[in-house]
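A structural walkthrough
Single-letter residue listing:
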Amino acid sequence: MEDGAQQLGHCMVDMKELSANPEGLTAAGVMLTPQLPQMELSLACTDLLASGRDRKPNALVQVSVIDPHKQLLVSHACTEIVEANKDPLFLTGVTFPSEYPASPETLVKLTVYDAKDKSQESSSFLGSATFSVGDLLRAKDERLTLSLRSSDGVCAAGTVLVSRLKMGEMEEVDVDHITTDLPSHKCPLVCESVSHACIDNNPLTGPVFKNPICKVYRFQTVDSKWMLVREQMEECTLSFSIPKQLLSLYIQEDMSRVRDLRELGELSPHWDNLRKEVMTRYGGIISSYQETLAELDKITGRSFKPSCCKAQKSLEFIPINLHTQRMRVTCPRKTDAFYDIVTVGAPAAHFQGFKCGGLQRLLSRYEAEKKSFSTAYQCIYYSPEHTAKAQEVLSTVSLLQPLISSLADQLLQAAQEHSSSGLREALKNLSDKTEQFVHTLKDELVNSALLALHAARPGYVSKNQKQTPVQGGQHHGHIHQGSDQNQSPVQGLPGHSPATSISDSPAGCNNVEASQTTTRGEGGTLKHQDSIPHHKEYDEEEWDRVWANVAKCLNCVIAMVDKLQEEDGSKQESVPEQQLADVITSHNPGDWREQLRPHVTRLKECVMQVVEKAKRAMTFVLLQEAACSIPQGFLLQQRRDVVFSQALAALACGFVMRLYAGMQDPGFLKQLHLVGLVAQFESLLSTYSEEIGMLEDMEVGISDLQRVLFQITEAKTDDLSDLQPLVFGRRDQFTVEVPLPRLVFQTLPEEIKGGKPLRVFPVLFNVGINEQQTIAERFGDISLQERINQRNFEMLEAYYKSLSEKVPLECLPCYQTQTDIKELLETLGQNVVTKKRKNVEILWIAGTICRRLNGIRFTSCKSAKDRTSMSVTLEQCALLRDEHQLSKDFFIRALDCMRREGCRIENVQKNIRCRKYAFNMLQLMAFPKCYRPPEGTYGKVDS
């Protein structure tokens, strides 16, 4: 970059200013860590002497750093092996990051070995040389030629050439020499960096992403130019923070459910015993979750769960091996390009196991069995849709009731201040929320549930002794249109003329008051259990009256506000102009408030009464659903909580990464708030043995992400702790808030700044590639995979249709490959229905479509370590080939290089403390060829 400016993602950081301010600087409220310039070296040897006269050495160089202050020798990097060559040119470079600041006094030791095999497990010492960084920087052209000394320190074992790399230098290298003399070499230039200050550090990632590992390569393009490719892999703090927040929300929700069950009032002995059993089950879940949360709170400084801990109970809510990976490509005379991906182990309940299958199979079996359970327990069978509706009603009324009460108080405050504009604004907000409240309750499920609850009271006698309690409540299965009273709330809501709906407003409001008096009973005040009669015939129209009263009370309030404003306007017109000021001054502002107060009070009371009835009714629905599913339903809920927690942590990580990358892209931001983003999950699980259970878990977990919304908020402060995403809500609907620094937040579109909920559309495509999938395809069943791919293709197609209707195609990113997205979708659809073994083209096309749609890319296998590494590296090289003209001669070299020396082998090392992919030769024979790792990088290891 020119003028000392380095582009990091979409943010510009002045490197001169960084150098001038060694303590760091603040950009957009985020503290940046200063970076010292990185020094990158290339190595070559000449006249190497092998241990045997009749052979040429298989050379590699081990690079170590000698700390001048502590006099410690620290292993830093290693080149690749160049086979059978006494003058090897190493195409693996060496990078000194900030933790090795490479001061002039820093000593670097180069040790050359003769490797017996590609795994480097057996090698013999050839010679070593030492130099200081100062020597290199002072040398002509910043190049040194050093003699290698053998173990006795006397005999020369050859020479080593050290050069400081500069961009463009590799254009002078004889490429033919590399091609012909290094037949086994798979790795063009790789510059290694494992540090906290990498080349591609985005200043906004500080609070969420950490512990970066960076690799740098240079590959040749078709026009003999050289591209610079950087990989950066990072952990994500959301691996732990999201599950911990979810656990707290699960605990709160279940404790609230227990309170609601207690407040149902007196029940017959049968129902009371079922309630006690359900409450005991909830108590067990709450206790288990509290214990898990306490264990997670003890963990500090850790931000990912290694694959070897996948079945550990205390970590079951944590996603497996969650990492982000970014590939940044710099080509001569072209704008830098980014390609992001999130890698995570398949969201699945490993601790609970897969002996009986995964969530998809267990839930199907559970729903089929629940009907017979409901008969045995004398319960009403409620479908999943009815249960979801009950949860939605509970959640919505609990949210809206305090909001309506607060808005009603604001209306009275505006009346107190005699503010016409304030009165109109407060009334509009109150009307909107009350209308939403009424429409939420416009469901026959509430009425039928109230009848069932009435039948569960002690001493209940059914009408004419002809209906059993169960039969009496089964009307909910035939939802009918409401009576005339069901329609009145809608007719009386804003949007209809208040003058016509309350032409005789005093009478209308008196009727509301009279109906309230009837409902309250002889005691005059509404008691906890008196809202539903116990020992008399149930009035099925009572709920309709109570429900309709809310709208009638609102109309009374609207009419009174209109009346007050009309009277005020007529007074001002009738008073002479010179006396107007005196009239306004002498007007008692309390008149409006006192006239409005009775109507507002009645509205709040009606809302409260409706809330109490609705909460009891829906709680009773959930009680019956829980009672007829003991204990299987509770075990399934726990399993679903675990899987969803892992999936949400991954999604939140991907959303934040995508948001940071697109912060200055107006087209992306427009797409974000108008339609939302597609989140495409690629899975490499087989449909055989335990992995079919994992896939069944994953399918449900990814589908449940449809219940998640995102909101962008302005951070309270610029402190990094205030930039952590927060989760709110209940199981039926979660919202993830993503705080941004004030200066960044101010640049966003008004819709996003206004708190508009942002949607994500999760889709899952699976193609198994291992030897177990071979068995499944030949002797087993792959219908699960086929159904998943077909269903999610239809969802992806529907998303594109919605996107093309609402967002101009100019908002989507431009790619070198000119294939139309619609054409790609047609090809994907054809591949989905084609009977072809291990059809990985489905994954390739789906990934391409996702990137073309500005989506979020995820790749998973069992542990996101081995098969995932093969997929990610293949995708990166395909992008280099298709979008940046990577030379065909360099494609396999680049692929092997990334797999042998890149970020993914570092991921393996982090997980199992071994630099070997967990494959054996038999397994790899079943893999598609492009998913096989290079020789020497795999073996039998514990994964």
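Calculation notes
- Residues numbered from 1 in each chain as written.
- Predicted model: local features only at pLDDT ≥ 70, side-chain atom pairs only at ≥ 80, totals over all residues.
- Heavy atoms only, no water.
- Helix = DSSP H or I, 4+ residues; strand = E, 2+ residues; numbered from the N terminus.
- Buried < 20%, exposed > 50% of the residue type's maximum accessible area, 1.4 Å probe, protein only.
- Contact = heavy atoms within 4.5 Å.
- Areas by Shrake-Rupley, 256 points an atom, 1.4 Å probe, with all protein chains shown as cover.
- Pairing = 2+ DSSP bridges.
- Axes fitted to C-alpha atoms, helices over the stretch in contact; angles between N-to-C directions.
- Parallel < 35°, antiparallel > 145°, perpendicular 65-115°, else oblique.
- Left-handed = near helix turned anticlockwise from the far one by under 90°.
- Nonpolar A, V, L, I, M, F, W, Y, C, P; charged D, E, K, R; others polar.
- Patch = residues over 30% accessible without salt bridge, like charges linked within 9 Å, V, L, I, M, F, W, Y side chains within 5 Å.
- Salt bridge = Lys/Arg side-chain N within 4 Å of Asp/Glu carboxyl O.
- Lys, Arg positive; Asp, Glu negative; His and termini not counted.
- Charge placed at Lys NZ, Arg CZ, Asp CG, Glu CD.
- Expected span 1.5 Å × (residues − 1).
- Core = buried A, V, L, I, M, F, W, Y, C linked by side-chain atoms within 4.5 Å.

**As for the overall build of the protein chain**
Each helix and strand counted, the protein chain has 29 helices and 23 strands in total. For the protein chain, the proportion of its 943 residues judged to be buried stands at 56%. Long-range pairs, those at least 24 residues apart, make up 76% of the contacts in the protein chain between residues at least 6 apart in sequence. Of the roughly 40400 Å² of accessible surface on the protein chain, 50% is carried by carbon and sulfur atoms.

**Structural notes on the pairing of strand β6 (residues 59–66)**
Most of β6 is tucked away: seven of the eight residues are buried. Where β6 and strand β9 (residues 107–115) come together, eight bridges link them in antiparallel fashion. Bridge pairing in β9 places Ile66 opposite Leu107. One ladder, built from five bridges, connects β6 with strand β7 (residues 73–78); its direction is antiparallel. Bridge assignment links Val65 to a residue of β7, and that residue is Val74.

**Some details on unusual backbone geometry**
Of note in this structure, Ala84 is not a glycine but carries a positive phi near 50°. You can call Ala84 partly exposed: its relative accessible area is 45%. Look at Lys838: it is not a glycine, yet its phi comes out positive at around 45°. Secondary-structure assignment places Lys838 in the loop between α24 (821–833) and α25 (841–852). Since its relative accessible area comes to 13%, Lys838 is described here as buried.

**Here's the deal with the packing of helix α7 (residues 384–416) against helix α8 (residues 420–440)**
Contact geometry for α7 and α8: axes closest at 9 Å, N-to-C directions at 160°. By the criterion of interaxial angle, the relationship of α7 to α8 is roughly antiparallel. For the crossing formed where α7 meets α8, the hand is left-handed. A breakdown of the residues in the contact of α7 with α8 according to their chemical character gives 15 nonpolar, seven polar and two charged.

**Re a negative patch on the surface**
Together, Glu794, Glu797, Asp820, Glu823 and Glu826 make up a negatively charged patch on the protein surface. Breaking the negative patch down by element, the ones donating at least two residues are α23 (783–806) and α24. Relative to the helices and strands, Glu797 is located in helix α23.

**Focus on α23**
Spanning 24 residues, α23 covers 35 Å between terminal C-alpha atoms, matching the ideal 34 Å at 1.5 Å per step. The complete set of buried residues in α23 reads Leu784, Gln785, Ile788, Asn789, Asn792, Phe793, Leu796, Tyr799, Tyr800, Ser802 and Leu803.

**What about the pattern of salt bridges?**
Per the counting criterion, the structure on display carries 38 salt bridges. With its nearest N and O atoms 3.2 Å apart, the salt bridge here joins Lys298 to Glu295. With a gap of three residues between them, Lys298 and Glu295 both fall in helix α5 (residues 269–298), about one helical turn apart. We classify Lys298 as exposed; its relative accessible area is 60%. With relative accessibility at 33%, the residue Glu295 sits in the partly exposed group.

**Here's the deal with the nonpolar core**
Grouped burial of nonpolar side chains is what soluble globular proteins tend to show. Ranked by internal contacts, the top residues of the largest apolar core, which has 150 residues, are Phe437, Leu596, Met618, Phe655, Phe710 and Ile712. Apart from the residues lying within four places of it in its own chain, the contact partners of Phe437 are Val397, Leu400, Ile404, Val550, Val607, Val610 and Val611. One finds Met327, Phe793, Leu796 and Ile912 within the second-largest nonpolar core, a separate group that totals 61 residues.

**Comments concerning the pairing of strand β21 (residues 733–740)**
On a regular strand, one side chain projects to one face of the sheet and the next to the other, so that they alternate. Here β21 lies mainly inside the structure; six of its eight residues are buried. Across seven bridges, the pairing between strand β19 (residues 708–714) and β21 is parallel. Bridge pairing in β21 links Ile712 to Val738. Between strand β20 (residues 726–730) and β21, which pair antiparallel one after the other, the connecting turn spans two residues.

**Concerning the packing of α5 against helix α17 (residues 632–661)**
Where α5 contacts α17, the axes come no closer than 11 Å and their chain directions differ by 25°. Accordingly, the angle class assigned to the pair α5 and α17 is roughly parallel. You can see that α5 and α17 cross each other, and the crossing is right-handed. Residues Val278, Arg281, Tyr282, Ile285, Ser288 and Tyr289 of α5 form the contact with α17, whose participating residues are Phe634, Gln637, Gln638 and Asp641. Partitioned by chemical class, the residues of the contact of α5 with α17 number five nonpolar, three polar and two charged.

**Here's the deal with a nonpolar patch on the surface**
Together, Tyr688, Ile775 and Phe779 make up a nonpolar patch on the protein surface, roughly 320 Å² of accessible area in all. For Phe779, the location among the structural elements is in helix α22 (residues 771–779). Accessibility expressed as a relative area gives 70% for Phe779, which makes it exposed.

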